[in-house]
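Analysis of the macromolecular model
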Amino acid sequence: MRKIIRDGAIVVDDWLDLDATAPIPPQGKIIVPLARWLEEKPALLARVPRGVGVRLGPDHDPFALASDLPALALIAVEFPVFRDGRGYSIARILRQHLGFRGELRAVGDVLRDQVFYLRRVGFNAFAPRPGLDPEQVLAGLNDFSDAYQPAADDIVPIWRRRQPAPVA
Amino acid sequence: MYVYDRHDQTLIEERVAQFRDQTRRFLAGELSEEEFRPLRLMNGLYIQRHAPMLRIAIPYGLLSAQQLRKLAAIARRYDKGYGHFTTRQNLQLNWPRLEDVPEILAELASVQMHAIQTSGNCIRNITSDHLAGIAADEVADPRPFCELIRQWATLHPEFSYLPRKFKIAVSGAAHDRAAIKVHDIGLLLRKDADGALGFAVYVGGGLGRTPMIGELIRPFLHRRELLPYLEAILRVYNLQGRRDNIHRARIKILVKALGPAEFARQVEAEFERTRQNPDLLLDDDAIAAMQRFFAPPPYDPTAAEERDHLHWLQQDAAFARWYARNTVPHKQPGYRGVFVALKGFGRAPGDMSSEQMEAVADLAERYNFGEIRVTHTQNLLLAHVRERDTHAVWQELNRHQLAAPVIGTLSDMIACPGLDFCALANAGSIDVAEQIRQRFEDLDYLYDLGDLRLNISGCMNACGHHHLGHIGILGVDKRGEEYYQLTLGGRGGLDAALGERLGPAVPKHEVAETVARILETYVALRQPGESFLDTVQRVGIAPFKASVYAEPVSEERAHA
Ligand code: SF4
């Protein structure tokens, strides 16, 4: 099975990614596209204890999931290309406006040089683009040890922490 | 000015290490060109016509003498001994080697400088009023807010992959010298009816191929809520700005498509949420702490009593001419703001040699509390020179060809790098600027023409802000030939307007003659004391059109 990064460690992915039509297995954790979740909600809600996650595209409105969040153990946000920055805002909305506490996973064109920012906006899991060495991608999480501004992590802005101006 | 502590320094050094590794991986083939491109752009590195171009950030145009000296040393060591100041108050090096860039960044970091977000689809260098803190018409000094916005925007995790570049300008004065209405966000410091300090917020202004004047979406935003409001604007834009067409991707297109009222409504809805985040609110302590970095330097309260310069103003006509044109009043009695003119003497507007940078750094230390400012008109400013010292400063500037007494005149042109350096150019800018300068060398005529802004861009990306020139010149390509489209009546400021197109483009060698005809028309039509811009506004462009296109300047235009 493929390896992903979760909470700063490389782990075997224990979730099954389903498309719009693939049969839903009775057991195991599954991720379904947003449309399928909305259409088959009653059936999917019944298997919530076994693990259901939803996959959002970059043009999906995260507020569509507002009332469903307690049922969802995972939300995956797609990055069709790493330059498409919409998923960063989606993550902050899910974490900071909607209070989502489950696994927030970046999927698609997920590369080493973006994971530090992705973590700051609230992703705690990363499925690197196939072919990339997860170790290398993991290293990207350490590019910086600090940040200027608040985001979906517990960094206090530097302007609140720093030394006062030297006396002229 | 703002001074780093260990937090800032750590971040900047980690950024250098990160870019060093990214460059190494690119050169080793581990990163594709497509993957490396946005990374290098976010660090100000372009691949240009001849060589890479590195754009170094000068936050809101403010530099220390030590920093300017470092720029001089970098330009000498890694480039050809000069740099180019831009309309966005940054410095460009046109000839660095890609392999050297990590080293250049390390040298910059040693003086609290960097190239972060000087390009790329992210929040760019914040620009401001070059007279901040010294102008009498100021409501409040914009620089503490510029610095807070800079910090909020620097390495922003959410807004580093926006649909397109994003520019913010802040002004704190009655006269807008920061062109806030042609920025993605323009912030104007103002007080509400109760005397509370806050901002009027404009969005969706911009130049480029679809120039637009910004829309006022919030007449008053309390200073405390500045960052939550900016975050709301950026989030709406990040989620909804177009990503399918690079020419439709700026926020101005989104504001236009939704309509300013609907755009404002969506921003307000998001703002209702972002303002709940206490970490983003700027309490008065945080603002006061930042204001201390921009406190006035220790002026001599008796400075106004020393009047030595009055003697020189009477004795030395050249000095008096320079003083009248190249210095500005200061709110502190006995002080003046002194422009360092990066114009004239056959140089490209904004170009400065390493020797000149070092000379100005020396002057700043001796006479100006060690501070230098970059203006968006591609000059420098020594903002706090004692009046009695102006003659000595002038002599020194003169020695280094930095005292062309032309600030604010036709010769104080803005020009982008154009065909000489820029891969996107249709036509030259620098040679056209030189052609015009040579044609109007007579100072008396220049002074008689009065205040005049002439701006030149080498293509419709408008880096030379041609739309805002009283006379704007845009390079276009006509069947492989360099042609120039002229506009009249453009202006920045709170009554900003885009220039109106004069008529068909003219070939390169006719540009100066065309400008001459425009100016002759002005001189003939003006009322006593009326400026060029006022005359254009009063009479419209028809008379100018008539004089320019009445008879061909040369053979080829008759057939063009
Ligand atoms: S206006 Fe065009 S030619 Fe001039 S610097 Fe910008 S992109 Fe290059």
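Provided above is the structure to which this section pertains.
Summarised in this report is the structure supplied together with it. Worth saying up front: this structure is predicted, and the values here are computed from it rather than measured. The residue numbers shown here count from 1 along each chain, following its written sequence. All chains are assigned letters beginning with A, and all ligands numbers beginning with 1, in the order in which they are written. For a predicted model such as this one, the threshold for reporting local features is a pLDDT of at least 70, and the threshold for listing and counting side-chain atom pairs is 80 or more; totals across whole chains, interfaces and linings nevertheless cover every residue. By convention in this description, side-chain values take in all heavy atoms of the structure and omit both hydrogens and water.

**Examining the interface of chain A and chain B**
Frequently, the measure chosen for interface size is the accessible area that the parts lose on association. Contacts are assigned to residue pairs that have any heavy atoms within 4.5 Å of one another. Residue-level contacts link 43 residues of chain A with 53 residues of chain B. Summed over both partners, the accessible area (1.4 Å probe) lost when two parts come together is defined as the buried area. Taking both partners together, chain A and chain B bury about 4,200 Å²; carbon and sulfur atoms supply 57% of that area. Any carboxyl oxygen of Asp or Glu that lies within 4 Å of a side-chain nitrogen of Lys or Arg is treated as forming a salt bridge with it. Summed over the shared surface of chain A and chain B, the result is 9 salt bridges. The salt bridge partner of R83(A) is E34(B), with a shortest N-O separation of 2.5 Å. Nitrogen and oxygen atoms within 3.5 Å of one another constitute a polar contact, given that in protein one can donate a hydrogen and the other can accept it, and given that sequence-neighbouring residues count only through two side-chain atoms. Counting every contact that joins chain A to chain B gives 24 residue pairs in polar contact (both at pLDDT 80 or more).

**Here's the deal with the packing of aromatic side chains**
Centre distance and the angle of the planes are the two values used to describe a pair of aromatic rings. Side-chain rings of Phe, Tyr and Trp (the six-membered ring for Trp) are treated as a pair once their centres are within 6.5 Å; stacked means planes under 30 degrees apart, edge-to-face means over 60, and tilted covers the remaining angles. Applying the stated criterion to the full structure yields 25 aromatic pairs over all chains. Note on F26(B) and F36(B): the rings are 4.3 Å apart at their centroids and 15° apart in plane angle, and the pair reads as stacked. Here F36(B) lies in helix α2 (residues 33-41) and F26(B) lies in helix α1 (residues 6-27), a separation of 10 residues in the sequence. To sort residues, take the accessible area from a 1.4 Å probe on protein chains only and compare it with the maximum for the residue type: under 20% means buried, over 50% means exposed, and anything in between is partly exposed. Judged by relative accessible area, F26(B) falls into the partly exposed class, the value being 21%. Ring geometry for F319(B) versus W394(B): centroids 5.5 Å apart, planes at 55°, classification tilted. Taken together, the residues span a long stretch of sequence, with F319(B) in helix α11 (residues 317-326) and W394(B) in helix α13 (residues 390-399) at a distance of 75 residues. Residue classification places F319(B) among the buried residues on the basis of a relative accessible area of 0%. For W394(B), a relative accessible area of 8% puts it in the buried group. Ring pairs connect the aromatic residues F79(A), F82(A), Y88(A), F123(A) and Y161(B), which therefore count as one cluster. Across the ring face of F82(A), the terminal group of R83(A) is positioned such that the distance to the ring centre comes to 5.5 Å. The way it works is that DSSP assigns letters per residue, a run of H or I at least four long becomes a helix, a run of E at least two long becomes a strand, and they are numbered from the N terminus. Criterion for a charge above a ring: Lys NZ or Arg CZ within 6 Å of the ring centre, and within 35 degrees of the ring normal.

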